[in-house]
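Letter by letter, the chains look like this.
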Amino acid sequence: MLSKFVRSISTPIRLIEVIEEAPSTYTFKFSVPEKIQWSPGAYAHFLSSSLANGEKLKKELVRELSIMSHPDENFIGFTTRIRENPSQFKRIMLNINVGDEIRMFKMGNHFAKAKFEDPIVLISMGVGIATFRPLILEHLKKTAAKTPLININIDRSGNFVYRNELDKLPDNKIHNCMVTNRADLYERIDQCVDRKSKTFCVVGSKEFNKDIGDYLLKKKVPQKSIVFDKH
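Residues numbered from 1 in each chain as written. Predicted model: local features only at pLDDT ≥ 70, side-chain atom pairs only at ≥ 80, totals over all residues. Heavy atoms only, no water.

**As for the nonpolar core**
Using the following cut-off: Definition of nonpolar core: a set of buried residues of the types Ala, Val, Leu, Ile, Met, Phe, Trp, Tyr and Cys, connected through side-chain atoms within 4.5 Å. Between buried and exposed lies partly exposed: a residue is buried under 20% and exposed over 50% of the maximum accessible area for its type, with that area taken using a 1.4 Å probe on protein chains only. Only DSSP runs of H or I reaching four residues or more are called helices, and only runs of E reaching two or more are called strands; each is numbered from the N terminus. By definition, residues are in contact when any of their heavy atoms lie within 4.5 Å.
If you look at the biggest cluster of nonpolar residues, it comprises 21 residues, and the most contacted ones within it are Phe111, Leu122, Phe132, Ile136, Tyr162, Leu166 and Cys201. Breaking this core down by element, the ones donating at least two residues are β7 (120-125), α3 (129-141), β9 (174-179) and β10 (199-203). The element that contributes the greatest number of residues to this core is α3, accounting for 5 residues. Once you skip the residues sitting within four places of it in the chain, Phe111 turns out to touch Gly41, Phe116, Thr131, Phe132, Leu135, Cys201, Val203, Val227, Phe228 and Asp229.

**Concerning helix α5 (residues 182-194)**
Inclusion rule: Residue count minus one, scaled by 1.5 Å, sets the expected span of a helix. It is the directions from the helix axis to the C-beta atoms whose arc is reported. Each polar contact in these results corresponds to two N or O atoms within 3.5 Å; when the atoms are within protein, one needs to be able to donate a hydrogen and the other to accept it, and residues that are neighboring in sequence are counted only if both atoms are side-chain atoms.
Compared with the 18 Å implied by 1.5 Å per residue over 13 residues, the 18 Å span of α5 between its first and last C-alpha is a close match. By the burial criterion, the buried members of α5 are Leu185, Ile189, Cys192 and Val193. For α5, the arc enclosing every buried residue in end-on projection is 100°, short of the 170-degree limit, so these residues lie on one face. Away from its buried face by more than 90 degrees, α5 exposes Ala183 and Asp194. In this fold, the buried residues of α5 make contact with β7, β8 (149-154), β9, β10 and α6 (206-218). Its side-chain oxygen 3.2 Å from the backbone nitrogen of Ala183, Asn181 forms the N-cap of α5. Where α5 ends, the next residue or the one after it, Lys196, has phi of about 65°, a positive value.

**Quick word on the pattern of salt bridges**
Here is the rule we go by: Only one rule defines a salt bridge in this text: a Lys or Arg side-chain nitrogen within 4 Å of an Asp or Glu carboxyl oxygen.
Inspection of the entire model under this criterion finds 11 salt bridges. For the salt bridge of Lys141 with Asp72, the shortest nitrogen-to-oxygen distance reads 2.9 Å. Note that Lys141 is positioned in helix α3 and Asp72 in the loop between β4 (62-66) and β5 (76-81), a separation of 69 residues in sequence. In this structure Lys141 comes out as partly exposed when scored by relative accessible area, which is 47%. For the salt bridge of Arg133 with Glu73, the shortest nitrogen-to-oxygen distance reads 2.8 Å.

**Section: the sheet that holds β8**
Here is the rule we go by: In this scheme, strands are said to pair when DSSP sees at least two bridges between them. Helix axes use the C-alpha atoms of the stretch in contact, all axes being lines fitted to C-alpha atoms, and the angles between their N-to-C directions lie in the range 0 to 180 degrees.
One open sheet accounts for 5 strands, arranged β9-β8-β7-β10-β11; its pairing is parallel. At either margin of the open sheet sits one strand with a lone partner, and together these are β9 and β11 (226-228). On average, adjacent strands in this sheet sit at an angle of 15° to one another, irrespective of strand direction. Here β7 runs beside β8; their pairing, made up of 5 bridges, is parallel.

**Thoughts on α3**
Under the 1.5 Å per step criterion, the end-to-end length of α3 is 19 Å for 13 residues, consistent within 8% with the ideal 18 Å. α3 sits mainly inside the fold: 10 of its 13 residues count as buried. Turning to α3, its buried residues number three or more, namely Ile129, Ala130, Thr131, Phe132, Arg133, Pro134, Leu135, Ile136, Leu137 and His139.

Honestly, that's just the spatial picture; any functional story needs more than this.
Take a look at the structure:
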């Protein structure tokens with residue numbers, strides 16, 4: 001019964017490409033079905049099954065993931081790490097072939113109602129930068145933006161996701177700060193606070209979000225100026 005319901009509210013999407021962004025980090029790109037729309041910063045629930053041939057729904061097959069593609073791009077994508085002993089969802093994704101279908105449903109966007117005031121700082125942990133990629137691309141479209149976007153990403157491995165793509169973006173539109181430890185991260189945040197940045201967007205684990213939120217509050221950044229991706 002549940003499988004039938006999810007099938008009725010979900011949309012099949014067909015895999016068109018898989019890219020290894022960094023070691024054990026993959027982007028899955030799918031064709032865009034008709035009537036599917038999303039805004040930069042959105043997320044969706046992805047089901048690593050087409051629910052064909054009477055296959056039953058299992059919660060282990062569903063993941064809520066950020067959509068890493070901009071609506072102007074001709075694909076829907078998500079980026080995820082797949083390390084040793086992965087979940088059932090990730091095992092299936094690692095073995096999926098171009099042309100195969102999965103399903104997506106229940107889209108949302110924690111940034112949709114946020115009031116962004118320049119200068120804007122994006123702070124992400126690891127693959128959490130996937131949420132910010134479409135927001136960065138959206139910012140590049142705004143010719144009226146007077147100050148560069150500050151993009152800070154921490155990854156202890158040093159294998160930064162989208163690094164090659166980000167390094168090619170114009171310096172007058174975005175400043176990328178890639179760090180591998182908390183000391184450097186806090187130093188970069190301090191610099192942004194000193195420069196009177198107005199909006200801080202944070203994406204990471206629950207612990208990371210709390211730590212960064214507490215740090216920003218300690219630095220007298222107003223609560224209303226801190227926006228979290230809480231999924």
